[in-house]
Protein chains: 2
Amino acid sequence: MKTNLPLDADRLWTDVMALADITDPAKPYTRRSFTALFLEGRAWLAQRFAEAGLATRLDAAGNLIGRIEGNDPALGVIAIGSHSDTVPSGGRFDGIAGVATGLEIVRALRDSGTRLDHTIEIVDFLAEEPSEYGLSCVGSRGMTGSLDETMLALTEPSGETLRDALRRVGGDPDRLDRARRDDIRAFLELHIEQGIVLESRFLDVGVVTSIVGIRRLEIVFQGEADHAGTTPMNLRHDALVAAADTVIAVRRLAEQLAAEGPDYFVATVGILAVDPSASNIVPGRCRLVIDARTTNPALTARFVDAIDRDSAAHAAAARVARASFKTLSDGPPVACDPKLREALQQGARDLGLGQMDLPSGAGHDAAFMSRICPSAMVFVPCLKGKSHAPEEWADRDAIAAGAAVIYQAVKELDRSLPRSR
Amino acid sequence: MKTNLPLDADRLWTDVMALADITDPAKPYTRRSFTALFLEGRAWLAQRFAEAGLATRLDAAGNLIGRIEGNDPALGVIAIGSHSDTVPSGGRFDGIAGVATGLEIVRALRDSGTRLDHTIEIVDFLAEEPSEYGLSCVGSRGMTGSLDETMLALTEPSGETLRDALRRVGGDPDRLDRARRDDIRAFLELHIEQGIVLESRFLDVGVVTSIVGIRRLEIVFQGEADHAGTTPMNLRHDALVAAADTVIAVRRLAEQLAAEGPDYFVATVGILAVDPSASNIVPGRCRLVIDARTTNPALTARFVDAIDRDSAAHAAAARVARASFKTLSDGPPVACDPKLREALQQGARDLGLGQMDLPSGAGHDAAFMSRICPSAMVFVPCLKGKSHAPEEWADRDAIAAGAAVIYQAVKELDRSLPRSR
């Protein structure tokens, strides 16, 4: 890795660590959106934004935004960002690294005496992680006109609506139109990979080709909860047998679709619940949730069709009913912008970094931002691919390398973005 | 079915219904051992015992015993019994029917002016169902010298030991030797079948040939809880995949062993727990519990060996570790006494009832009693085989027919049991 980067790796690292330290001490690292700790983290961030010379504000969708005007304000905005909230017992990097990257880029530009033609904004999106209100990417939904009244009416367990929570943290749910943007010309996000592809190939950065679409399916098998001692094998209606066959079918089909290439495909049975769950009772009911992700919607359709057929056949073989087969959610894949990807690739080349193109198997604010502007992402390697856990780790130099790639791309895009107004 | 039985079917039925009515009203039918409701049920039973002319006592193992002396006390005891506790949200018959049967037999003998040579005891065994202390058959273990210090030290969730609980309900855990019996010459138990064999063959009673041995195995697969979006299929360590393959292996092998005959064999995966259980996380750990039951220990050995091999192979194929493969419990099968079985078969023939021999796939107090005396059981059909559930049902006449078979057998055994002292 090249160590002579155009920004200050230590200064960037210090910010990441300082923000990570603002955590629930009983459950490191936890800074859940809408909590007092989250607001404490944002107050710290706003202070750092101000020290870097950024004009800081909250938009109506609750996003914290730092802004430095360009030479030609009419050219519009190049935005850089990610999120500062975490999952419960999450890590120090997921989200934070991307926000701190934007901040460091602004400081590095200032230190080098560079003033860009475009205005730069650093965005800390509100509530990227699934919030207590059952919604993720609240801020990027708001900024892209995708936060609707149904979502605002969602409540957390004690009854507060997302609408009230948004107002409580400084947003304005009644004027979300003000958060909707049409002046952003490019959005760039740095994030830890949350996978092991870069690490296993000893590469510095990944340039994201597209962000997967996610289809969630729920299947319920309904059999009979019989006595495990007195019910002969040939008279059983065991829901778990049908579920186990379906788990194997999902695995085999996902392996096949992934191996076919070139598109990315993964599928997982992450939830399998047996009812009743007792050693001496034949499982009467079994619910499983399948998560299928791909960059090619045609693969999802093939997968769902095949699992539909397979699970029905497995139910029949086990003499149980397939009581439910339904889609819980269905988000389409999003392609990253080719021009922005090229700027990132060129940046990595200029810096002498090892790079590859790769899809994002996780969702990100960039997926929503792509609805209103060209968007792209840089991944940096993280230890053993671990994320959403306290052991989540990315090296100081890895983050700095990824940030430097975005720095290079921002300077290039400032020159090369279309200037028609 | 013959309706002219040597006992009062209505009186027996009334007792079963009255005891069933002593239930947690919020969760019919629940009368958990060691609770106030359980003691209320026993107070009601003790009253009925006394009205039938029985001398009533609690033994040191917490069994409620009603006794009527025979003409020749030196001949020893013929015992009849079952249990009055239930599982949570259980049924009205499991256990209760067997206790009420003993009571009705004593009344029927009295009504017919018959005094037997042997002393008769009716036993309501303490805590036959798995108790909050993690142990079943507490009373029959105690009566047969099988309740040890390790068991007495077991605790329920709030911390009370079984030792203290036993004392609380009137037992004497420090003098369990007093509960140990050597004077019982025969033990007979009526129970609902908890299966559908008798019902499907339109038979009145089943004479139990043997009570299955139960082997419980726990297998834990340990993989890696990776991100379900970012972890390619070929880099996964999915514990649920190994577990699902094992569920299928258990099912196939159990079907094969059951089909081979003539021995009874069933095996069930009743518990399968995924950790973490989240739609977007590859299962990192999976625990399953296998319950295998047979009348032939050689089949258990074959089964365990095969599942040991299979589960290890499935773990390797899924790139996970088989972190645990262990026996949680292992009770041997118990053959019912041939002489007592013959007495029951003859009783059924005398009454003109349809009968068959069949194994018991469920455990019963009779399995422990067989350690100290000849023991046998009569099964009566129950609707659709349902048990341990509120819809558990046995017809009035079905219970009365089974009770009459035991009545006949008791009279026969009173004549024919060996009289050497």
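So, how was this worked out
Residues numbered from 1 in each chain as written. Chains lettered and ligands numbered in written order. Predicted model: local features only at pLDDT ≥ 70, side-chain atom pairs only at ≥ 80, totals over all residues. Heavy atoms only, no water. Domains from an automatic or database assignment. Contact = heavy atoms within 4.5 Å. Salt bridge = Lys/Arg side-chain N within 4 Å of Asp/Glu carboxyl O. Buried area = accessible area lost by both parts, 1.4 Å probe. Polar contact = N/O pair within 3.5 Å; in protein donor to acceptor, adjacent residues only side chain to side chain. Helix = DSSP H or I, 4+ residues; strand = E, 2+ residues; numbered from the N terminus. Buried < 20%, exposed > 50% of the residue type's maximum accessible area, 1.4 Å probe, protein only. 1 Å grid on protein atoms, 1.4 Å probe; cavity = no way out; pocket = protein on both sides within 12 Å on 5 of 7 lines; lining within 4 Å. Points joined across faces, edges and corners; volume = space filled by probe spheres on them. Nonpolar A, V, L, I, M, F, W, Y, C, P; charged D, E, K, R; others polar.

### Concerning the domain arrangement of chain A
Residues and elements named next belong to chain A.
So, point 1. Entries for chain A in the domain assignment read domain 1 (9–212 + 333–416) and domain 2 (214–331).
So, point 2. The centre of domain 1, based on its C-alpha atoms, is set 36 Å off from the matching centre of domain 2.
So, point 3. Contacts between the two partners involve 7 residues from domain 1, matched on the other side by 8 residues from domain 2.
So, point 4. Across the domain 1-domain 2 interface, the total number found is 0 salt bridges.

### A look at the interface of chain B and chain A
Think of interface size as the accessible area that goes away when the parts come together; that is how it is often given.
So, point 1. In this assembly, 53 residues from chain B lie in contact with 54 residues from chain A.
So, point 2. In total, chain B and chain A occlude about 4400 Å² of area from one another, counting both sides; carbon and sulfur atoms represent 58% of this.
So, point 3. On the chain B side of the contact with chain A, M233, R251 and S279 of chain B bury the most area, a combined 17% of that side's loss.
So, point 4. Here chain B and chain A share 4 salt bridges between them.
So, point 5. Linking chain B with chain A are 16 residue pairs in polar contact (both at pLDDT 80 or more), by the criterion used here.

### Quick word on the pattern of salt bridges
So, point 1. In the structure shown here, the tally under the stated rule is 72 salt bridges over all chains.
So, point 2. Between E224 of chain B and K386 of chain A there is a salt bridge whose closest N-O contact spans 2.8 Å. Here K386 of chain A lies in the loop between strand 13 (375–380) and helix 12 (396–416) and E224 of chain B lies in the loop between strand 7 (213–222) and helix 8 (239–260), a pairing that spans two chains.
So, point 3. For E224 of chain B, a relative accessible area of 33% gives the class partly exposed.
So, point 4. According to the relative accessible area criterion, K386 of chain A is buried, its value standing at 14%.

### Considering empty space enclosed by the protein
So, point 1. Applying the stated criterion across every chain, the model contains 4 cavities of 30 Å³ or more.
So, point 2. Empty space within the largest cavity amounts to approximately 60 Å³.
So, point 3. What lines the largest cavity is simply V247, V250, R251, A267, T268 and V269 of chain A together with M233, R236, D238, L240 and V241 of chain B.
So, point 4. Those elements that provide at least two residues to the lining of the largest cavity are helix 8 (239–260) and strand 8 (265–275) of chain A together with helix 8 of chain B.
So, point 5. Here the lining of the largest cavity is built from residues that sort into 7 nonpolar, 1 polar and 3 charged.
So, point 6. As for the second largest cavity, its lining consists of M233, R236, D238 and V241 of chain A together with V247, V250, R251, A267, T268 and V269 of chain B.
So, point 7. Contributions of two or more residues to the lining of the second largest cavity are made by helix 8 and strand 8 (265–275) of chain B.
So, point 8. In terms of residue class, the lining of the second largest cavity is made up of 6 nonpolar, 1 polar and 3 charged.

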